[in-house]
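Observations on the model geometry
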Amino acid sequence: MELSNKNILVVGLAKTGVACARFLAARGARVTVTDMRDEAALATQLAELAACDIRKVLGRHDERDFTGADLVVVSPGVPQDHPLLVKAAAADREIVSEIELAARFIDAPLVAITGTNGKTTTTTLAGEIFKANGYRTFVGGNIGNPLIELVESGEAVDRVVAEISSFQLEWIGTFRPRVAALLNLSEDHLDRYATYQEYIDAKLRIFENQEATDFAVVNRDDALVWRYAQGLRAHLFPFSRRQELTEGIFHRDGVIVCRHNGREERFPAGDIRLQGVHNLENIMAALACGLLLGCRPDDSFRAVSGFGALHHRMEFVAEKNGVRYYEDSKATNVGSVEKALESFDTITLIAGGKDKGGSYAPLAPLVRERVRHLVLIGEAAGRMQAELGALTDTRLAATLEEAVALAARITEPGGTVLMSPACSSFDMFSGYEERAQRYIAAVQAL
């Protein structure tokens, strides 16, 4: 892809936009960056671009920049229906996401992992599997470093593993992973997409450029995923924790079994540190990605068995007066909370936050069966109470700290207090990390 002397517009100056602008300028492009924030708000980002010859349009957008560019590179935070992107498309300008731009310069086999839940754990674990097999491996995308930073660095790698969000897939053109994994589908980001189907369609784009020589790793137990997988061109490689597969990877009687091309590998699930039914699915998906791209079974399972939980995913905090406390602050949607509730009994659930537009009704069976007390916080508390409150003892709390103190009073010894919000954090916190730290501090202060 020739970039020299091309007029290229980078829309959005978050981490991805900064990395793209720096890369494009280094390749000789005439780069314009634009962001609705002003210079003062972007001081940190602009400092990173200080050495680059880049035109800046800040505090506003100019239509001429969009309709006159040879290429428009869009940061994930900018919605696809932005009026100026619509005008750029109407003017036949090429519009790409950062992953599309980066992939055009990546030669190593690419593993791309998406899904509503479990992306970060699966991506990180797949990276560890490749590293344990001696492959020089870059892990990034929607976590850590953008893919374009690998291209910018010029680093030689053997494998690339990327977490990919629906937002990043909106503007792909030729993006083609050697292995693409879809972990699950449940309602999410309905504050961004007009319908659930739009969100699903964005996720499915991860497969659209694959051919028969590529692999699609898909969740056999997720009815939606399996339905949409039937029309894929890639070689279908399912994973399941509920049924035996003739081709794929599955869990049976405490053993993970991988069957591929007539061979069978077996791994004892009891040797794995990472707990929870959702993590069993993540492990099988990560193993599949590694084994399909040449990893050795023994070295791969060694990486799996030594892998611990990521921060803010069902992380054990403390035991106080016979009650165990867990924080699951990254559980920002209903599907993620379902997996958490499946992993415990006799739960006091702390949930709520900024509502994302989906229904909480899928939680009803697990709340009725496993949640003894439901403590709700944040903007979504009223709607969650209306949909779930009649199923169990339900209380409201004004703050997270008040919710923890209330949970401590009402939870019997032997029970579990689980903060798994099903909502984003931005009504009360700067992000899920601050929410997690506040919860941990409140538990420790009991």
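Our structure's up above, just so we're on the same page.
The final tally for this structure, using the stated rule, is 34 salt bridges. Linking Arg-22 and Glu-48 is a salt bridge whose minimum nitrogen-to-oxygen distance equals 3.5 Å. Separated by 26 residues along the polypeptide, Arg-22 in helix α1 (residues 15–26) and Glu-48 in helix α2 (residues 43–48) bring together distant segments of the chain. For the salt bridge of Arg-438 with Glu-401, the shortest nitrogen-to-oxygen distance reads 2.6 Å. Of this pair, Arg-438 sits in helix α17 (residues 432–444) while Glu-401 sits in helix α16 (residues 400–410), and the two are 37 residues apart along the sequence. Arg-438 sits in the partly exposed class, given a relative accessible area of 31%.

Below, the discussion takes up the pairing of strand β6 (residues 110–114). Most of β6 is tucked away, with 5 of its 5 residues classed as buried. Here β6 shows no split at all, with Leu-110, Ala-112 and Thr-114 on one side and Val-111 and Ile-113 on the other all buried. Summarising the sheet, β6 and strand β8 (residues 159–163) pair through 4 bridges and their orientation is parallel. In the strand pairing of β8, Val-111 is matched with Val-161. Taken together, the 4 bridges between β6 and strand β9 (residues 179–182) define a ladder with parallel strand orientation. Residue Val-111 lies in a different strand from β9, and its bridge partner there is Val-179.

Moving on, we come to the pairing of strand β14 (residues 263–268). The pairing of strand β13 (residues 255–260) with β14 spans 6 bridges and is antiparallel. Across the sheet, residue Val-257 finds its bridge partner in β14, namely Arg-266. Hairpin connection, β13 to β14: the antiparallel pair is bridged by 2 residues, and Asn-261 has positive phi, about 55 degrees.

On to the layout of surface pockets, then. Of the volumes computed, that of the largest pocket is approximately 1,300 Å³. What lines the largest pocket is a set of 46 residues, among which Asn-142, Ser-165, Phe-167, His-189 and Tyr-432 lie closest to the centre. Considered class by class, the residues forming the lining of the largest pocket number 10 nonpolar, 22 polar and 14 charged. Taken as a whole, the second largest pocket encloses approximately 380 Å³ of empty space. Lining the second largest pocket we find 20 residues, and of these Leu-185, Ser-186, Asp-222, Gly-335 and Glu-338 sit closest to its centre. Sorting the residues of the lining of the second largest pocket by element identifies α10 (223–229) and α13 (334–342) as the ones contributing at least two each. Broken down by element, the residue count for the lining of the second largest pocket peaks at 5 residues, all from α13.

Turning to the environment of Gly-352, a few remarks are in order. Here Gly-352 shows up in strand β17 (residues 347–352). Looking at Gly-352, the relative accessible area reads 3%, which means it is buried. The spacing of Gly-352 and Thr-332 is 20 residues in sequence and 9.2 Å in space, taken between C-alpha atoms. Aside from chain neighbours lying at most four places away, what touches Gly-352 is Ile-377, Met-384, Pro-421, Cys-423 and Arg-435.

Next up on the list: the nonpolar core. Leu-24, Val-73 and Val-160 are the most contacted members of the largest nonpolar core, which totals 53 residues. Core analysis: the second largest hydrophobic core is formed by 37 residues, Val-111, Ala-269, Leu-287 and Cys-295 among them.

This part takes up the packing of helix α6 (residues 119–132) against helix α12 (residues 297–305). Each pair of packed helices can be summarised by the angle the axes make with each other and by the distance between the axes. Where α6 contacts α12, the two axes come as close as 8 Å, and the packing angle between them is 135 degrees. In terms of orientation, α6 lies oblique with respect to α12. Classified by chirality, the crossing of α12 by α6 is right-handed. Taken together, the residues of α12 that come into contact with α6 (itself represented by Leu-125, Glu-128, Ile-129 and Ala-132) are Asp-299, Ser-300, Ala-303 and Val-304. Tallied by class, the residues present in the contact of α6 with α12 amount to 5 nonpolar, 1 polar and 2 charged.

So, about helix α15 (residues 381–388). Residues of α15 that are buried include every one of Ala-381, Met-384 and Leu-388, and no others. End-on view of α15: buried residues confined to an arc of 65 degrees, all on one side of the axis. For α15, the secondary structure elements touched by its buried residues are β17, α14 (364–370), β18 (371–377) and β19 (393–396).

The next subject is unusual backbone geometry. Of note in the backbone geometry, Asn-321 takes a positive phi value of approximately 55 degrees without being a glycine. With respect to the helices, strands and loops of the structure, Asn-321 is situated in the loop between β15 (315–320) and β16 (323–327). You can call Asn-321 exposed: its relative accessible area is 72%. With a phi close to 65 degrees, Ala-422 is a non-glycine residue in the positive phi region.

Turning to empty space enclosed by the protein, a few remarks are in order. One pass over the structure, following the stated rule, counts 3 cavities of 30 Å³ or more. What lines the largest cavity is Asn-117, Gly-118, Asn-184, His-278, Glu-281, Asn-282, Arg-313, Met-314, Asp-328, Ser-336 and Lys-339. Going through the elements one at a time, α11 (277–292) and α13 are the ones with two or more residues in the lining of the largest cavity. Ranked by residue count, the leading element in the lining of the largest cavity is α11, at 3 residues. Class assignment of the residues belonging to the lining of the largest cavity gives a composition of 1 nonpolar, 6 polar and 4 charged. If you add up the space inside the second largest cavity, you get close to 80 Å³. Lining the second largest cavity are Glu-187, Asp-188, Thr-332, Asn-333, Val-334, Lys-356, Gly-358, Ser-359, Tyr-360 and Ala-422. Residues that form the lining of the second largest cavity fall into these classes: 3 nonpolar, 4 polar and 3 charged.

Conventions and cut-offs
Residues numbered from 1 in each chain as written. Predicted model: local features only at pLDDT ≥ 70, side-chain atom pairs only at ≥ 80, totals over all residues. Heavy atoms only, no water. Salt bridge = Lys/Arg side-chain N within 4 Å of Asp/Glu carboxyl O. Helix = DSSP H or I, 4+ residues; strand = E, 2+ residues; numbered from the N terminus. Buried < 20%, exposed > 50% of the residue type's maximum accessible area, 1.4 Å probe, protein only. Pairing = 2+ DSSP bridges. 1 Å grid on protein atoms, 1.4 Å probe; cavity = no way out; pocket = protein on both sides within 12 Å on 5 of 7 lines; lining within 4 Å. Points joined across faces, edges and corners; volume = space filled by probe spheres on them. Nonpolar A, V, L, I, M, F, W, Y, C, P; charged D, E, K, R; others polar. Contact = heavy atoms within 4.5 Å. Core = buried A, V, L, I, M, F, W, Y, C linked by side-chain atoms within 4.5 Å. Axes fitted to C-alpha atoms, helices over the stretch in contact; angles between N-to-C directions. Parallel < 35°, antiparallel > 145°, perpendicular 65-115°, else oblique. Left-handed = near helix turned anticlockwise from the far one by under 90°. Arc of directions from axis to C-beta.

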